[in-house]
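Secondary and tertiary structure notes
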Amino acid sequence: MGDDFLEFHQQLETEVVRRPFHSAASIVQPLFNSSSISAYETTTREKLEEEGKKWVALITYNIIISGNAPLKQDFPGPSRPSISLDPIIKMPLNRRSSSSSSKKLFHTAVTASDSVYNTWQCRIMYYWFKKFKDSPDSAMGGFTRILHSGKPDQFMDEIPTFVAQPLPAGMDQGYIVLNRPWAFVQWLQQADIKEDYILMSEPDHVIVKPIPNLAREGMGAAFPFFYIEPKKYEAVLRKYFPEENGPITNIDPIGNSPVIVGKEYLKKIAPTWMNVSLAMKKDPETDKAFGWVLEMYAYAVASALHGVRNILYKEFMIQPPWDKEIGKTYIIHYTYGCDYSMKGELTYGKIGEWRFDKRSYDHVAPPKNLTLPPPGVPESVVTLVKMVNEATANIPNWWS
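Description of the structure in this document. What you see is a predicted model; the values in this text were computed from it and never measured.

**Quick look at the overall build of the protein**
When its secondary structure is counted, the protein shows 11 helices and 12 strands. Counting across all 400 residues of the protein, residues that qualify as buried make up 55%. Surface accessibility of the protein: about 17800 Å² in total, with carbon and sulfur atoms responsible for 52%.

Take a look at the structure:
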């Protein structure tokens, strides 16, 4: 049986690479029927057939897991201008329905590497998550840091963590964010997630008040990014979202975070998100057009391919220093550096007399009790630094 199964596995791997956007059943069934495995007793056949389907759905491309060779053949790119057949690779869905409740809770998931840079951000993020989780207006359920380093770290007991395998060395082509969709694919398949909704968040998010479930049945809730412009890049996006899928405006101007979406929808979207991300990175034209936001476009395309539209919430988060007031927001995203003179004047593009920039702490965590901004600096920046200081003062065993 071992030799028969090995041969079947090799044939399956070849077919997944040759036909990456075909469904699991359409690949497994013909191979299974034509192989010597079909002669085994019924229970054995059924078990092996189901295992084959799981490989296709979970791994997506067997070659990605093996890491023995790069993807080169029949993957959408310059040599294949569009996805033409069955563009959705479906993931096995957990058919166990959760018990209904008056409050539709969501599970917060954050992908991260094991770098100091990502880790200190995750510790602060989780601190504020816990502060607001049980508030009356909160729909915040569980929390998971999806650690795509492939191995546990020293903070497993502090932060609920799922260890995911990274892409093979070189597969991300220096664009480490490509590990995010692959990490989500693994987590969604392997973890026992109690909640019916998922909030995809990031390490550099600070929650400033309880977050309700902004999603609706059949629709996600997302922050609209001004630099995600599907109409502007329609010619490029049609390689991945053909005209038969509808108008280009079906692609929402979003990334994957912050997004609240139904768990079962995300189980379908995630493998497609991964596939489209890798396809875009492989295509020089797309890679050049989208640059560092490529994986954000890939999620928007994947969501549209599955017919999941998103309610756009501008108040979902703010991004200092450009957004100056806290207002009704739920999240501060500190992706930009904040540089000011001692007179409280923004000096963006020039290192200020006072500054807070997460990139200043790429190899070492920020110290406790950071100096507060000078008078005149906007509320959003002052609040951010105060919240960082509170977290570092109260998180046990902070680095400094």
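**Notes on the side chain of Asp153**
Residue position: Asp153 is located in the loop between strand E2 (140-147) and strand E3 (161-163). In terms of polar contacts, Asp153 uses its side chain to reach the backbone amide nitrogen of Phe155, at 3.0 Å. If we skip the residues at most four places from it in the chain, Asp153 touches Arg145 and Leu147.

**A few points about the packing of aromatic side chains**
To describe a pair of aromatic rings, you give the distance between the ring centres and the angle between the ring planes. Taken as a whole and assessed by the stated rule, the structure comprises 24 aromatic pairs. Between Phe184 and Trp273, the ring centres sit 5.7 Å apart and the planes meet at 40°, which makes this aromatic pair tilted. Remark: Trp273 occurs in helix H8 (residues 263-282) and Phe184 occurs in helix H6 (residues 179-190); sequence separation between them is 89 residues. Take Trp273: its relative accessible area is 0%, and that puts it in the buried class. Ring geometry for Trp273 against Tyr299: centres 5.2 Å apart, planes inclined by 85°, an arrangement best described as edge-to-face. Here Tyr299 lies in helix H10 (residues 294-305) and Trp273 lies in helix H8, a separation of 26 residues in the sequence. Per residue, the accessibility class of Trp273 equals that of Tyr299, and both read buried. Through a chain of ring-to-ring contacts, the aromatic side chains of Phe223, Phe225, Phe226, Tyr227 and Trp292 assemble into a single cluster. Sitting over the ring of Trp399, Arg123 keeps its end group 4.7 Å from the ring centre. Positioned over the ring face of Tyr330 is Lys209, at 4.8 Å from the centre of the ring.

**Looking at the sheet that holds strand E5 (residues 205-207)**
With mixed pairing, three strands are arranged side by side in an open sheet as E5-E10-E9. Single-partner strands in this sheet number two, and they are E5 and strand E9 (317-318). Bridge count between E5 and strand E10 (residues 331-333): three bridges; the pairing is antiparallel. Bridge assignment links Val206 to a residue of E10, and that residue is Ile332.

**Points about the pairing of strand E4 (residues 197-201)**
Counting buried positions along E4 gives five out of five residues, so the element sits mostly inside the fold. Side chains Tyr197, Leu199 and Ser201 project from E4 onto one buried face, and the interleaved Ile198 and Met200 project onto a second face that is buried too. In this structure, E4 lies alongside strand E7 (residues 259-262), joined through four bridges in antiparallel fashion. For Met200, the partnering residue across the bridge sits in E7 and is Val259.

**Structural notes on the layout of surface pockets**
Roughly 760 Å³ of internal volume is contained in the largest pocket. Lining the largest pocket are 29 residues, and of these Val177, Arg180, Glu202, Asp204 and Lys358 lie nearest its centre. Listing elements by their share of the lining of the largest pocket, those giving two or more residues are strand E1 (106-112), helix H5 (116-133) and H10. Considering each element in turn, the lining of the largest pocket owes the most residues, three residues, to H5. Residues that form the lining of the largest pocket fall into these classes: 11 nonpolar, 12 polar and six charged.

**Focus: the sheet that holds E4**
The seven strands lie next to each other as E3-E2-E1-E4-E7-E6-E8, forming an open sheet whose pairing is mixed. Two strands close off the open sheet at either side, each with one partner strand: E3 and strand E8 (309-312). Within this sheet the neighbouring strands show an average axis-to-axis angle of 25°, counted without direction. Helix-sheet contacts for H5 involve E1, E2 and E4, and the interaxial angle to E2 is about 170°.

**Remarks on the packing of H8 against H10**
In contact at an axis separation of 8 Å, H8 and H10 are set at 135° when each is read in the N-to-C sense. When the axis of H8 is compared with that of H10, the two are oblique. The way H8 lies across H10 gives a crossing that is right-handed. Judged by residue contacts, Leu266, Ile269, Thr272, Trp273, Val276, Ser277, Met280 and Lys281 of H8 engage Leu294, Glu295, Tyr297, Ala298, Tyr299, Val301, Ala302, Ser303 and Leu305 from H10.

The rules behind these values
Residues numbered from 1 in each chain as written. Predicted model: local features only at pLDDT ≥ 70, side-chain atom pairs only at ≥ 80, totals over all residues. Heavy atoms only, no water. Helix = DSSP H or I, 4+ residues; strand = E, 2+ residues; numbered from the N terminus. Buried < 20%, exposed > 50% of the residue type's maximum accessible area, 1.4 Å probe, protein only. Areas by Shrake-Rupley, 256 points an atom, 1.4 Å probe, with all protein chains shown as cover. Polar contact = N/O pair within 3.5 Å; in protein donor to acceptor, adjacent residues only side chain to side chain. Contact = heavy atoms within 4.5 Å. Phe/Tyr/Trp six-rings, centres within 6.5 Å; stacked < 30°, edge-to-face > 60°. Lys NZ or Arg CZ within 6 Å of the ring centre and 35° of its normal. Pairing = 2+ DSSP bridges. 1 Å grid on protein atoms, 1.4 Å probe; cavity = no way out; pocket = protein on both sides within 12 Å on 5 of 7 lines; lining within 4 Å. Points joined across faces, edges and corners; volume = space filled by probe spheres on them. Nonpolar A, V, L, I, M, F, W, Y, C, P; charged D, E, K, R; others polar. Axes fitted to C-alpha atoms, helices over the stretch in contact; angles between N-to-C directions. Parallel < 35°, antiparallel > 145°, perpendicular 65-115°, else oblique. Left-handed = near helix turned anticlockwise from the far one by under 90°.

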